Amino acid sequence: CRCCANGRRHSSILYSILRSQERTASPPGPRRGLASRSCPCGSRRRVALRSPQAACKAASAVLVKTLRFVQNVPCFQELPLEEQLLLVRSCWAPLLVLGLAQDRVHFETVESAEPSMLQRILTTRRQGEQSQPRSPAPGRQHHGPGGGGGGGSHLPSAAEIQAIKGFLSKCWSLDISTKEYAYLKGTVLFNPDLPGLQCTQYIEGLQKEAQQALNEHVRLIHRDDEARFAKLNVVLSLLRSIKANVIAELFFRPIIGSVNMDDMLLEMLCAKL
């Protein structure tokens, strides 16, 4: 494929800088703890968005901008479609969370109603009486918040939401610039360690290019902060604790229901955003 050729490629870094979105100037909101630090049970409680319509709308807008950012990287377009899909399916969630941080999107959550002890006993008894479990309807493997028979079992936990909010707070405390967000996104997008990739050396080169450009930018702009490059890499490490299914359940399941995220990403990636 063209991406594996030895010819000179376009500069994805400079193009990403020119195409990166502008950061909004709204200040970060107040931090609110979701669970008691003294009791580990609180971190396992299921939560849902307090204002799902507003939060899901904001997250959907960020997803569109994120995929537009990806599409505007020439080196990404040089990859075969199969490679593009592998990369996007793997990194859409961390890229989205970076976009939430860049756009300073705030959201609040509330605890989901838990079934009473009697309801749990009756549910367990009914399940034990069933000779064979019923197969879910096609395309209905995952229920949205408040839907299905799981009683909200697919909702994110308070600890998972706290991980997202902790990441956002970390980004806001560092006051990451538009260029730095572009380099971080490039590092996340071009992940050569995904199984099934064919152009691993090319993709690895793009990731190194993004990291090198970030390092050079930091040394030029933040000469008094020698640890800033390390701090930004800590931000990337925090992304590993945020699961894609948590992002999907929190921000997209309320609006797309049982639609598969991979199908939606494929449709959006092939569209002219």
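This structure is a prediction, so every number in the text was calculated from the model and none was measured.

### Concerning the packing of helix H5 (residues 81-102) against helix H7 (residues 158-174)
- Direction vectors running N to C along H5 and H7 enclose 50°, while the axes themselves pass 9 Å from each other. The pairing of H5 with H7 is recorded here as oblique in orientation. H7 is crossed by H5, and the crossing has right-handed handedness. Contacts from Val-97, Leu-98, Leu-100 and Ala-101 in H5 reach Phe-167, Leu-168, Cys-171 and Trp-172 in H7.

### Here's the deal with the pattern of salt bridges
- Across all of its chains, the model carries eight salt bridges by this definition.
- The shortest N-O distance in the salt bridge between Lys-65 and Asp-103 comes to 2.5 Å. Of the two residues, Lys-65 sits in helix H3 (residues 52-71) while Asp-103 sits in the loop between H5 and strand S2 (109-111), which places them 38 residues apart along the sequence.
- Relative accessible area serves as the criterion here: at 26%, Lys-65 is assigned to the partly exposed category.

### Considering the nonpolar core
- By size, the foremost hydrophobic cluster in this structure holds 70 residues, and its most contacted members are Phe-76, Trp-92, Phe-167, Ile-247, Phe-251 and Phe-252.
- No other element matches the 12 residues that H5 contributes to this core.
- With residues up to four places along the chain from it excluded, the contact list for Phe-252 reads Ala-59, Ser-60, Leu-63, Trp-92, Leu-96, Ile-247, Gly-257, Met-261 and Met-264.

### Section: the packing of H5 against helix H11 (residues 244-256)
- Interhelical geometry of H5 versus H11 gives an angle of 55° and a closest axis separation of 9 Å. As the angle between them shows, H5 and H11 are arranged oblique. Note that H5 runs across H11; the crossing there is left-handed. Here Trp-92, Ala-93, Leu-96, Val-97 and Leu-100 of H5 lie close against H11, whose contacting residues are Ala-244, Ile-247, Ala-248, Phe-251 and Phe-252.
- Looking at side-chain class alone, the contact of H5 with H11 contains 10 nonpolar, no polar and no charged residues.

### Overview of the environment of Pro-254
- Within the secondary structure layout, Pro-254 lies in helix H11.
- Pro-254 sits 206 residues away from Ala-48 along the chain, and the two C-alpha atoms are 9.8 Å apart.

### A short note on the packing of aromatic side chains
- The final tally for this structure, using the stated rule, is two aromatic pairs.
- Pairing Trp-92 with Phe-252 gives two aromatic rings, centres 6.0 Å apart and planes at 70°, and the pair type is edge-to-face. Of this pair, Trp-92 sits in helix H5 while Phe-252 sits in helix H11, placing them 160 residues apart in sequence. Across the pair, Phe-252 and Trp-92 agree in class, each one buried.
- Centroid distance Phe-107 to Phe-251: 5.3 Å. Interplanar angle 85°. Geometry classified as edge-to-face. Highlighted residues: Phe-107 in the loop between H5 and S2 and Phe-251 in helix H11, separated in sequence by 144 residues. Phe-251 carries the same exposure label as Phe-107, and that label is buried.
- A cation over a ring is seen here: Lys-165 above Phe-107, with NZ or CZ 5.1 Å from the ring centre.
- Between Lys-185 and the ring centre of Phe-69, over which it is positioned, the NZ or CZ distance is 5.0 Å.

### Looking at the side chain of Gln-102
- Relative to the assigned elements, Gln-102 resides in helix H5.
- Among the polar contacts listed, one links the side chain of Gln-102 to the side chain of Lys-185, at a separation of 2.8 Å.

### Here we look at the confidence of the model for the chain
- For the chain, the average pLDDT comes to 78, and 68% of its residues sit at 70 or higher.
- Counting contacts from residues 4-12, a segment whose pLDDT is below 50, to residues more than four positions away or on other chains yields 15 contacts.
- Note that pLDDT drops below 50 for residues 134-153; the model gives that stretch 17 contacts with residues more than four away or on any other chain.

Calculation notes
- Residues numbered from 1 in each chain as written.
- Predicted model: local features only at pLDDT ≥ 70, side-chain atom pairs only at ≥ 80, totals over all residues.
- Heavy atoms only, no water.
- Axes fitted to C-alpha atoms, helices over the stretch in contact; angles between N-to-C directions.
- Helix = DSSP H or I, 4+ residues; strand = E, 2+ residues; numbered from the N terminus.
- Parallel < 35°, antiparallel > 145°, perpendicular 65-115°, else oblique.
- Left-handed = near helix turned anticlockwise from the far one by under 90°.
- Contact = heavy atoms within 4.5 Å.
- Salt bridge = Lys/Arg side-chain N within 4 Å of Asp/Glu carboxyl O.
- Buried < 20%, exposed > 50% of the residue type's maximum accessible area, 1.4 Å probe, protein only.
- Core = buried A, V, L, I, M, F, W, Y, C linked by side-chain atoms within 4.5 Å.
- Nonpolar A, V, L, I, M, F, W, Y, C, P; charged D, E, K, R; others polar.
- Phe/Tyr/Trp six-rings, centres within 6.5 Å; stacked < 30°, edge-to-face > 60°.
- Lys NZ or Arg CZ within 6 Å of the ring centre and 35° of its normal.
- Polar contact = N/O pair within 3.5 Å; in protein donor to acceptor, adjacent residues only side chain to side chain.
- pLDDT = per-residue confidence, 0-100.

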